[in-house]
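Residue-level structural notes
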Amino acid sequence: MLESVIPKIKDWPINLIAKKRDKILQETISEAVLEFNKANPTLSALRNQLQKTLYLEHIRIKNDPWEVDPEDDREFWGSIKKRLLKADPAHNDEDISKEQHQEMLQDIMSRYANEIIGNFIPNLFWFARQILRRFFARLFNAHFGGFKGLFNPEDKLKDKLIVSGPVEKLRTLATKGTVILVPTHFSNLDSVIIGFGMDYIGMPAFQYGAGLNLFNSKFFSLFMGNLGAYKLDRRKKNPIYLETLKSFSRTNVLAGAHTIFFPGGTRSRAGNIETDLKLGLLGTVVEAQRIHYEKNPANLAPKIFIVPLTISYHFVLEASSLIEEQLKRIGKEQYLVYDNTQTTGKAIWKFFWETFSKSTDITLSLSEPMDIFGNAVDNDGYSLDKTGNKLEIRNYFINKGHLKADDQRETIYTQMLGDKIIDGFFSNNVVYASHVVAFAAFELLKKQLDYPDLFTLLRTSDEDREIDWDTFKTSVKRVIDELYMLNNKNLIKLAPHMTTKELEEIIELGINNVCIYHANLPIMRNKVGNITSEDLKLLYYYHNRLNGYGLEKHI
């Protein structure tokens, strides 16, 4: 475990910001109101947005209530409805009506901001860190030392949870600016695992967004709400909520909060690496960098660094429910079965036990840090052009000699940043044996059966799922050969076991690891040694991990 780059927890940015909670709240609300009024400058426009928000909130409360929702939800929105009727400009003086609408906007944004904001308690962080270290250490030792190893404090963490890439550079940059970590997203456990991985390499704690539904549990709410998580309610699509959320994000990045954004927006339902990023919150990072330049001389303006991170698992806790949701979404009437499996405490325990107590591991693969325009940065945080010369990125914000906001231009900058993040996801994707065997098996079935669509293939009977062993082995070899070519071009990365083991060892390792957790095996060998599957949906999910590299041409 590496020493923290900021030794005392009380000096971490997240703690310093938590101490300014009231100030952050006020800035969030005032900036949100300001930006919302810019976009809706007339009374009519504002009234329309308030009415739209009221309508959507009534639908949420009626059709999709959660335990974590405030007890006074109905009462609050009932009062907004009455106030909207009372403030109708058709029956009031226009100035009075404007003032009443502004008060409603302020109250709604204040309610949202107070819901979103999180907290950080250093002592609780220290306590959670001690618990997690001992928890993981004992699980690892159960693998290395059997049952007795559970009580052996030997630390094998580095062999099981691997943080690869420019670790030292990231540590250095965390002391020179604000780091925005942008990971791929496969599981609700990603935040915990990334947080633990970053702590392991000595990074100060990150702020991150967590789904409000996760706060239904009082236990998780206590820890997440006081360890840097802020709340995201994906049911709320209304413009007032979204503006408040963006304002909160921008305010915290400006305050120097190292932050984790999941740019995919939600977990990858299909198991693939995300290519369709939600750029709303990333846009606030571009705005924050511009505001830093507006408020500071160029040489003193705080710098913001973007670091894509690709997570590799052999298996995913929620794979079954995620692929069910994906197939329902894309199949519609072709796919009617839907099982909304909830992640239970027992399932989480089983995931950690199977992951860390058996022969499997997790990799957090860091990309090279970059500025908010996607330019490389050196160890001192200076932006570099393609030839390695220093760049003055302040100039990106200048138009006709003046540094100023330009929404259209910054939207394009954000899209450019999104493209660079996707490149980082793919080129730093660490391939495991489990990914390769799932990919080869599903592609071979597709080729062998030649069905017209995915859903027909997924309904294939058990007896038609068999793949000849020699054919499978040959295809896996071809895929691995191509992966070596991509690795040599820095377009992908290979886990160590992919380069040190023989072909049949890789296949055995891949099949064993992808099947560790699931009751119905996505891939297996049958009695005569051929390949088959007990769950084609899971096989499809794990196959998707290697989509986007053109590997299907080598099957």
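Parameters at a glance
Residues numbered from 1 in each chain as written. Predicted model: local features only at pLDDT ≥ 70, side-chain atom pairs only at ≥ 80, totals over all residues. Heavy atoms only, no water. Pairing = 2+ DSSP bridges. Helix = DSSP H or I, 4+ residues; strand = E, 2+ residues; numbered from the N terminus. Core = buried A, V, L, I, M, F, W, Y, C linked by side-chain atoms within 4.5 Å. Buried < 20%, exposed > 50% of the residue type's maximum accessible area, 1.4 Å probe, protein only. Contact = heavy atoms within 4.5 Å. 1 Å grid on protein atoms, 1.4 Å probe; cavity = no way out; pocket = protein on both sides within 12 Å on 5 of 7 lines; lining within 4 Å. Points joined across faces, edges and corners; volume = space filled by probe spheres on them. Nonpolar A, V, L, I, M, F, W, Y, C, P; charged D, E, K, R; others polar. pLDDT = per-residue confidence, 0-100. Axes fitted to C-alpha atoms, helices over the stretch in contact; angles between N-to-C directions. Parallel < 35°, antiparallel > 145°, perpendicular 65-115°, else oblique. Left-handed = near helix turned anticlockwise from the far one by under 90°. Patch = residues over 30% accessible without salt bridge, like charges linked within 9 Å, V, L, I, M, F, W, Y side chains within 5 Å. Areas by Shrake-Rupley, 256 points an atom, 1.4 Å probe, with all protein chains shown as cover. Salt bridge = Lys/Arg side-chain N within 4 Å of Asp/Glu carboxyl O. Lys, Arg positive; Asp, Glu negative; His and termini not counted. Charge placed at Lys NZ, Arg CZ, Asp CG, Glu CD. Phe/Tyr/Trp six-rings, centres within 6.5 Å; stacked < 30°, edge-to-face > 60°.

Some details on the sheet that holds strand β7 (residues 362-366)
In spatial order, the strands read β1-β7-β6-β2-β5-β3-β4; together these seven strands make up an open sheet with mixed pairing. One side of each edge strand has no neighbouring strand; the edge strands of this open sheet are β1 (161-164) and β4 (229-232).

Some details on the nonpolar core
One broad rule of soluble globular proteins: the nonpolar side chains tend to lie buried together. Ranked by size, the top nonpolar core spans 143 residues in total, and within it M198, I306, F472 and I523 carry the most contacts. Top contributing element to this core by residue count: helix α16 (residues 433-449), with 11 residues. Other than its neighbours up to four places away in sequence, I306 contacts I180, V182, V285, E368, P369, M370, D371, I372, L417 and I421.

A few points about the layout of surface pockets
The volume enclosed by the second largest pocket comes to roughly 880 Å³. Lining the second largest pocket are 28 residues, and of these E35, R250, E287, R290 and I291 lie nearest its centre. Elements that contribute at least two residues to the lining of the second largest pocket include exactly α2 (21-39), α11 (239-254), α12 (280-295) and α15 (407-427). Per-class residue counts for the lining of the second largest pocket are seven nonpolar, seven polar and 14 charged.

A short note on the pairing of strand β2 (residues 177-183)
Counting buried positions along β2 yields seven of seven residues, so the element is predominantly enclosed. Relative to strand β6 (residues 303-312), β2 is paired through seven bridges, and the arrangement is parallel. Bridging across to β6, V182 finds its partner in P308. Relative to strand β5 (residues 259-260), β2 is paired through two bridges, and the arrangement is parallel. Paired with I180 across the bridge in β5 is T259.

Thoughts on the confidence of the model for the protein
Per-residue confidence for the protein averages 91 on the pLDDT scale, and 90% of its residues sit at or above 70. Across residues 337-341, confidence stays below pLDDT 50; counting only partners more than four residues off in sequence or on other chains, it has seven contacts.

Quick notes on the packing of α2 against α11
Running from N to C, α2 and α11 point in directions that differ by 130°, and their axes come no closer than 8 Å. In this view, α2 runs oblique relative to α11, as classed from their interaxial angle. Regarding α2 and α11, the two cross each other, and that crossing is right-handed. Judged by residue contacts, I24, E27, T28, E31, A32, E35 and F36 of α2 engage P239, I240, E243, T244, S247, F248, R250, T251 and N252 from α11. Classifying every residue of the contact of α2 with α11 gives six nonpolar, five polar and five charged.

What to know about a positive patch on the surface
Side chains of R234, K237, K278 and R329 sit close together on the surface and give a patch of like positive charge. Residue position: R234 is located in the loop between β4 and α11.

Considerations on a negative patch on the surface
On the surface, D93, D95, E99 and E103 cluster together to form a negatively charged patch. With respect to the helices and strands, the residue E99 is situated in helix α5 (residues 94-116).

Topic: empty space enclosed by the protein
All chains considered together, the criterion is met by three cavities of 30 Å³ or more. The volume enclosed by the largest cavity comes to roughly 120 Å³. Along the walls of the largest cavity sit 15 residues, with I17, A18, G118, N119 and Q207 positioned nearest its centre. Sorting the residues of the lining of the largest cavity by element identifies α1 (13-18), α2, β4 and α11 as the ones contributing at least two each. Here the element with the most residues in the lining of the largest cavity is α1; it accounts for three residues. Taken together, the residues of the lining of the largest cavity break down into nine nonpolar, five polar and one charged. The wall of the second largest cavity is formed by F186, G271, Y313, V316, H435, Y541, Y542 and R545. Its residues placed into classes, the lining of the second largest cavity shows five nonpolar, two polar and one charged.

A word on the pattern of salt bridges
Enumeration over the complete set of coordinates arrives at 28 salt bridges. Between E318 and R267 there is a salt bridge; the shortest N-O distance is 3.2 Å. Of this pair, E318 sits in the loop between β6 and α13 (319-331) while R267 sits in the loop between β5 and α12; the two residues are 51 residues apart in sequence, bridging distant segments of the chain. The pair formed by E318 and R267 is uniform in burial state, with each residue classed as buried. Connected through salt bridges with shared partners, the residues E57, R60, D69, D72, D73, R111, E115, D233, R235 and K236 form a single ionic network.

Considerations on the packing of aromatic side chains
Inspection of every chain in the model, using the stated rule, returns 18 aromatic pairs. Each ring, one from Y112 and one from Y241, has its centre 5.0 Å from the other, and the planes form 90°; the classification is edge-to-face. Placement of Y112 in helix α5 and of Y241 in helix α11 is noted, with a sequence separation of 129 residues between them. With a relative accessible area of 2%, Y112 lands in the buried category. You can call Y241 buried: its relative accessible area is 1%. Residues Y396 and Y413 carry aromatic rings whose centres are separated by 6.0 Å and whose planes lie at 70° to one another, so their mutual orientation is edge-to-face. Residue Y396 is located in the loop between β10 (390-391) and β11 (398-399), and its partner Y413 is located in helix α15; the two are separated by 17 residues in the primary sequence. Note on Y396: relative accessible area 23%, which makes it partly exposed.

Notes on the sheet that holds strand β8 (residues 376-377)
Pairing is antiparallel across the open sheet formed by three strands, whose spatial order is β8-β9-β10. Taken across any chain shown, the strands that pair with only one partner, and hence form the sheet edges, are β8 and β10. Taken together, the two bridges between strand β9 (residues 383-384) and β10 define a ladder with antiparallel strand orientation. Among the inter-strand pairings, S383 is bridged to a residue of β10, identified as L391.

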